[in-house]
Amino acid sequence: MQQAWFSALIAAALLVAGRLTAVQEHRRDAMLAQAHGRVTAVVPRCGYYDGHRRTRCKWFPTVQFSTAEGQTITFISNVGMREPAFVEGQGVQVRYDPHAASVKESAFIMGYGLRHSTFLYCLAIAASALACLLAPMAWHERCKA
């Protein structure tokens, strides 16, 4: 029974953390500028990922966009996928911080990659499922005693 309560407590903590992170992400996003960009290339980066000994490649889109001030920025996304998610010439929506020391470093493709709040919500769902699975087993063990 303690395992079920512990899992439920973890799930609740993850939900609260996920909500707080979502609020922070929303506040940050409200201060960001938006621009239309174009994928200029999809670049592979190969190396050892996830501790495996064999080489794996991930594909990273290179995007070019113009800021509201007319400055042309080209950046390589810091999110890569095992299979290319974009094609050269594809239009994308970009967010960036116009007040950052490096606009290039602050830029990202909207909707590409996993946000922190989404990750925490998924963990909370997994912990809730674990609590639901453990609760009947704990109850059954308690009834046998």
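Residues numbered from 1 in each chain as written. Predicted model: local features only at pLDDT ≥ 70, side-chain atom pairs only at ≥ 80, totals over all residues. Heavy atoms only, no water.

A. Expanded view of the overall build of the chain. Helix and strand content of the chain: 3 helices and 5 strands. Ordered by position from the N terminus, the helices and strands of the chain form the series α-β-β-β-β-α-β-α. Counted over contacts in the chain with a minimum sequence separation of 6, partners at least 24 positions apart contribute 61%. If you sum the accessible surface of the chain, you get close to 9,900 Å²; carbon and sulfur atoms cover 60% of it. (Helix = DSSP H or I, 4+ residues; strand = E, 2+ residues; numbered from the N terminus. Contact = heavy atoms within 4.5 Å. Areas by Shrake-Rupley, 256 points an atom, 1.4 Å probe, with all protein chains shown as cover.)

B. Seen up close, the side chain of threonine 67. Residue placement: threonine 67 occurs in the loop between strand E2 (56-66) and strand E3 (72-76). A relative accessible area of 7% means that threonine 67 is categorised as buried. (Buried < 20%, exposed > 50% of the residue type's maximum accessible area, 1.4 Å probe, protein only.)

C. Spatial organisation of the environment of glutamine 34. Note on placement: glutamine 34 falls in strand E1 (residues 33-47). Placed 75 residues apart in sequence, glutamine 34 and isoleucine 109 show a C-alpha to C-alpha distance of 9.8 Å. Beyond its immediate stretch of four places on either side in the chain, glutamine 34 contacts Gln93, Val94, Arg95, Tyr96 and Met110. At 3.0 Å, the side chain of glutamine 34 and the side chain of glutamine 93 are in polar contact. (Polar contact = N/O pair within 3.5 Å; in protein donor to acceptor, adjacent residues only side chain to side chain.)

D. Here's a closer look at the state of the cysteines. This model, assessed by the stated rule, comprises 1 disulfide. The disulfide partner of cysteine 46 is cysteine 57, and the gap between their sulfur atoms is 1.8 Å. Residues cysteine 46 and cysteine 57 are joined through a disulfide that is right-handed, its torsion about the S-S bond being 95°. Of this pair, cysteine 46 sits in strand E1 while cysteine 57 is found in strand E2, placing the two residues 11 residues apart along the sequence. Of the residues examined, cysteine 57 reaches a relative accessible area of 31% and is grouped as partly exposed. (Disulfide = S-S within 2.5 Å.)

E. Geometry of the sheet that holds E2. With respect to topology, 5 strands assemble into an open sheet ordered E3-E2-E1-E4-E5, the strand pairing being antiparallel. With partners counted over all chains shown, the strands left at the sheet margins are E3 and strand E5 (108-109), one partner each. (Pairing = 2+ DSSP bridges.)

F. Representation of the environment of glutamine 64 within the structure. Summarising the element assignment, glutamine 64 is placed in strand E2. Each C-alpha atom, one on glutamine 64 and one on lysine 104, is 9.8 Å from the other, the two residues being 40 residues apart in sequence.

G. Highlighting the pairing of E2. Alignment of E1 against E2, held across 10 bridges, turns out to be antiparallel. For glycine 37, the partnering residue across the bridge sits in E2 and is phenylalanine 65. Note: E2 against E3, 5 bridges, orientation antiparallel. Bridge pairing links serine 66 to threonine 72 in E3.

H. Expanded view of the nonpolar core. Among the nonpolar cores identified, the biggest contains 15 residues, and Val63, Phe65, Phe75, Val92, Val94, Tyr96 and Ile109 are the most heavily contacted of them. When contributions to this core are tallied by element, the ones reaching two or more residues are E1, E2, E3 and strand E4 (91-96). (Core = buried A, V, L, I, M, F, W, Y, C linked by side-chain atoms within 4.5 Å.)

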